[in-house]
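Examination of the molecular architecture
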Amino acid sequence: VTAVLGSHAKNMHYTVIVSLDGCRWDYPQWYDTPFFDKMSTIGVESGLIPSFPSKTFPNHYALATGLYPDHHGIIANEFFDRESGEYFSLGDPAQKINPKFYGGEPIWVTAKKQGVRTAVFYWPGSDVKVKGMYPDLYYVYDQKPRLSSSERINGIIHQLQKPEKERPHLIMAYFEQPDANGHAFGPQSKETRKAVVMVDSLMHELYDKIQQLPIAQDINFIVVSDHGMSWIAKAHAIPIAKYLKKDWVIKESGSIPCNIYVRDHCADSVVNALKDVAHLKVWKKEEIPAYLHYGSNSRVGDVVALPDIGYSVTEGTVKDGGQHGYDPNLMDMHALFRAIGPDFRHVNAPHFKNVDVYPLLCFLLGIQPAPNDGQVPMEILNPKTLRK
Ligand code: AMP
Ligand code: ZN
Ligand code: ZN
């Protein structure tokens, strides 16, 4: 195993990894997904345990770096950076691509440093100049119009058709569905069914096109997601402002969970004021349970309030629909994982942590990983690959 690490051999296989935002691990059990089922019959069927909080940016960047959000720095989709007074949010295009927020080493940087080419279609973080580098090919998410789904798929194929010297060994792509319909209509809805069927057939189309390439036998194909989706009802808002004195709190950020930044010595008052609120768990950052791997980063709120599944911390209203962000151990938050190709085994494997994906990709590419929180999921790999 260690023999191949650090020595990217000319004969390493190619890897295509696609993320389908908000694709629950069990959608294929609910909805008609012939391609995901086909992947299960030839390759790896499993699920990913997201990192806390089970939101899009923290988890795509955990997949890319092998680090928990607490360690890579994108600790939520929106957060306050006390040291600079700056605020990160997906709605602030300038801060969203500010390299200072992005710690760790994403796979495309690890690859580039070791002479391995990458092409990335919209993976969160890929249009940020992390450690002074971008993937060899990347697209700016805020540049409109965005590539359509078919343009992303044809773009992947185009990269794999390049002459060997220019051909990237790692291609990553991101798709917005089924998260969008999951939020708007809930996981169990005809609209989300439609979105899941659509992404299944898109992945089928991509696979068929890969199969027609002369190097088809050398291509690993992985489909992942960042988190699941659970039903939330409009009655399930948890307003907290009424319990808090204004001079305790500097800022509240986010709903699932809510990071609360407080004035000096006010954390206990805030925890005491919220501890009996129904359907809410409240911790000082030092007291967050260890399994959540959250609270050491200075960007985490002094107090973290995490609603029970199906609830949201907000002064406003909640719409009937879908949400995520909850405790990663809840099965509703687990994400899809399928993989096929020369380096994978045919196995139905227990769900594993999404921080393991970075070391997996490094292993597949034969490159040395940067320090990370994961480990190579050996149980899903082809025994022949492990003997190499
Ligand atoms: P959420 O469901 O709140 O965790 O975030 C999902 C949303 O993030 C989706 O609606 C995407 O449109 C959006 N998103 C994905 N990538 C990016 C990006 N690079 N910049 C801004 N928003 C993004
Ligand atoms: Zn997401
Ligand atoms: Zn979402």
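To keep things clear, this report deals only with the structure shown in the data block. (Residues numbered from 1 in each chain as written. Chains lettered and ligands numbered in written order. Predicted model: local features only at pLDDT ≥ 70, side-chain atom pairs only at ≥ 80, totals over all residues. Heavy atoms only, no water.)

Side note on the pairing of strand S4 (residues 86-89)
As judged from the four bridges shared by strand S3 (residues 78-81) and S4, these two strands associate in the antiparallel manner. When the bridges of S4 are listed, aspartate 81 appears paired with glutamate 86. From the end of S3 to the start of S4, which pair antiparallel, there are four residues, and glycine 85 there has a positive phi angle of about 75°. (Pairing = 2+ DSSP bridges. Helix = DSSP H or I, 4+ residues; strand = E, 2+ residues; numbered from the N terminus.)

Brief notes about the sheet that holds strand S13 (residues 280-284)
As summarised here, the arrangement of the four strands in space is S11-S12-S14-S13, forming an open sheet in which the pairing is antiparallel. Only two strands of the sheet have a single partner each, and these edge strands are strand S11 (249-253) and S13. Put simply, the sheet's adjacent strands are angled 20° from each other on average, direction ignored. Taken strand by strand, helix H10 (residues 267-274) contacts S11, strand S12 (258-262), S13 and strand S14 (303-307), and its axis lies near 165° from that of S13. (Axes fitted to C-alpha atoms, helices over the stretch in contact; angles between N-to-C directions. Contact = heavy atoms within 4.5 Å.)

Examining unusual backbone geometry
Residue proline 145 is bonded to the preceding lysine 144 through a cis peptide linkage, with omega at -5°. Along the chain, the position of proline 145 falls in the loop between strand S6 (137-138) and helix H7 (149-160). Residue proline 257 is reached from isoleucine 256 by a cis peptide bond, and omega for that bond is -5°. Relative to the elements of secondary structure, proline 257 occurs in the loop between S11 and S12. For histidine 279, which is not glycine, the phi torsion reads 60° and is therefore positive. Mapped onto the fold, histidine 279 is located in the loop between H10 and S13. With a relative accessible area of 36%, histidine 279 lands in the partly exposed category. Positive phi, normally seen in glycine, also occurs at histidine 293, with a value near 50°. Mapping histidine 293 onto the fold places it in the loop between S13 and S14. Judged by relative accessible area, histidine 293 falls into the partly exposed class, the value being 29%. (Buried < 20%, exposed > 50% of the residue type's maximum accessible area, 1.4 Å probe, protein only.)

A few points about the coordination of the zinc ion (ligand 3)
Surrounding the zinc ion (ligand 3) are the protein donor atoms Asp179 (OD), Asp179 (OD), His183 (NE2) and His324 (NE2), at 2.0 to 2.6 Å. Read in sequence order, the donor residues coordinating the zinc ion (ligand 3) give the pattern D-x3-H-x140-H. In this structure, the zinc ion (ligand 3) lies 4.2 Å away from the zinc ion (ligand 2). One end of the pair, histidine 183, is in helix H8 (residues 179-185); the other, histidine 324, is in the loop between strand S16 (321-323) and strand S17 (335-340), and 141 residues separate them in sequence. Residue histidine 324 is classed as buried on the basis of its relative accessible area, which comes to 2%. (Donors = N, O, S within 2.8 Å, 3.2 Å for Na, K, Ca; no water.)

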